[in-house]
Amino acid sequence: MTELIPLMSYCLVMSATPGPNNVMLAATGANFGGRGALPVILGIQAGLFVQTMLMCLGLGSVFAIYPLAHQVLRISGALYLVFLAWKLGGASASGAQAPKPVSFAQAAVFQALNPKSWIKAITMASVFMPASHDTVSSALLVSVIGAVVGAPCNTMWALFGMSIRRLLQDPRKQRIFNLTMAATLLVLAVTFLR
């Protein structure tokens, strides 16, 4: 059990620190409230669960053999962040012009394009997967721990967004917030391309 503490600590740090998922969750909470954020939280966890399982079951070797595949994922992820920034830049609290929040499926699929999610999944598979069990059981254990630790961390970011929602009743303030979040996503996109 003590060997799981470093894994849980790693998942806590990776899930609680700023990144594309958490920026998206704060913005979703601020713009669409809890009902809009819940499918995003669940989609992120489902996507990360599948991603971690695949990495634990051997997908990581593909990146070692074909480094171009990793480069394609980085570029695709950066482009998707630009798309999210564009979508967020148009969000409005009034609801009249507000786009729909990111869906469960979009949040799940986004994990395949999110470089931070890949780093998390690769590290969990290569560093923290127990060798004493069979591969499928170990992969399942690591993936479940990632989701169990990650969900409350992601919820915290959505709650942050929801807590400032009242402050964003003024359309000007919300516009500034949305543009700031969009700019943050653009900065992340640029750093992923380095």
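Above this text sits the structure in question.
Residues numbered from 1 in each chain as written. Predicted model: local features only at pLDDT ≥ 70, side-chain atom pairs only at ≥ 80, totals over all residues. Heavy atoms only, no water.

Caption draft 1: View of the overall build of the protein chain. When its secondary structure is counted, the protein chain shows seven helices and zero strands. When the helices and strands of the protein chain are listed from N to C terminus, the series reads α-α-α-α-α-α-α. A compact globule built from 194 residues should have a C-alpha radius of gyration of about 16 Å, and the protein chain, at 17 Å, falls within 12% of that. Considered along the principal axes of its C-alpha atoms, the protein chain spans approximately 55 × 35 × 25 Å. In the protein chain, which comprises 194 residues, the share counted as buried stands at 46%. Counted over contacts in the protein chain with a minimum sequence separation of 6, partners at least 24 positions apart contribute 82%. Of the accessible surface of the protein chain, which amounts to about 9900 Å², a share of 73% is contributed by carbon and sulfur atoms. (Helix = DSSP H or I, 4+ residues; strand = E, 2+ residues; numbered from the N terminus. Rg over C-alpha atoms; globule rule 2.2 N^0.38 Å. Buried < 20%, exposed > 50% of the residue type's maximum accessible area, 1.4 Å probe, protein only. Contact = heavy atoms within 4.5 Å. Areas by Shrake-Rupley, 256 points an atom, 1.4 Å probe, with all protein chains shown as cover.)

Caption draft 2: Main features of the environment of Leu179. Inspection of the secondary structure assignment puts Leu179 in helix 7 (residues 171-192). Taking the C-alpha atoms as reference points, Leu179 and Ala121, 58 residues apart in sequence, are found 30 Å from one another.

Caption draft 3: Expanded view of the packing of aromatic side chains. Throughout the structure, instances matching the rule amount to five aromatic pairs. With centroids separated by 6.0 Å and ring planes inclined at 35°, the aromatic side chains of Phe83 and Trp86 adopt a geometry described as tilted. In this pair, Phe83 and Trp86 both sit in helix 3 (residues 67-89), three residues apart, roughly one turn of the helix. According to the relative accessible area criterion, Trp86 is exposed, its value standing at 66%. Between Trp157 and Phe160, the aromatic rings sit 6.5 Å apart at their centres with planes inclined by 80°, giving edge-to-face as the arrangement. Within this pair, Trp157 and its partner Phe160 are both found in helix 6 (residues 135-163), separated by three residues, close to a single helical turn. Three or more aromatic residues link up through ring pairs in this structure, and these residues are Tyr80, Phe83, Trp86 and Phe110. (Phe/Tyr/Trp six-rings, centres within 6.5 Å; stacked < 30°, edge-to-face > 60°.)

Caption draft 4: Structural view of the environment of Gly47. Position of Gly47 relative to the elements: it lies in helix 2 (residues 20-65). In this structure Gly47 comes out as buried when scored by relative accessible area, which is 10%. Considering only alpha carbons, one finds Gly47 and Gln71, 24 residues apart in sequence, at a separation of 20 Å. The residues contacting Gly47, other than those within four sequence positions of it, are Ala108 and Gln111.

Caption draft 5: Highlighting the side chain of Lys116. Following the sequence through the fold, Lys116 ends up in helix 5 (residues 115-128). We classify Lys116 as buried; its relative accessible area is 16%.

These results come straight from atomic positions and should not be treated as a statement about function.
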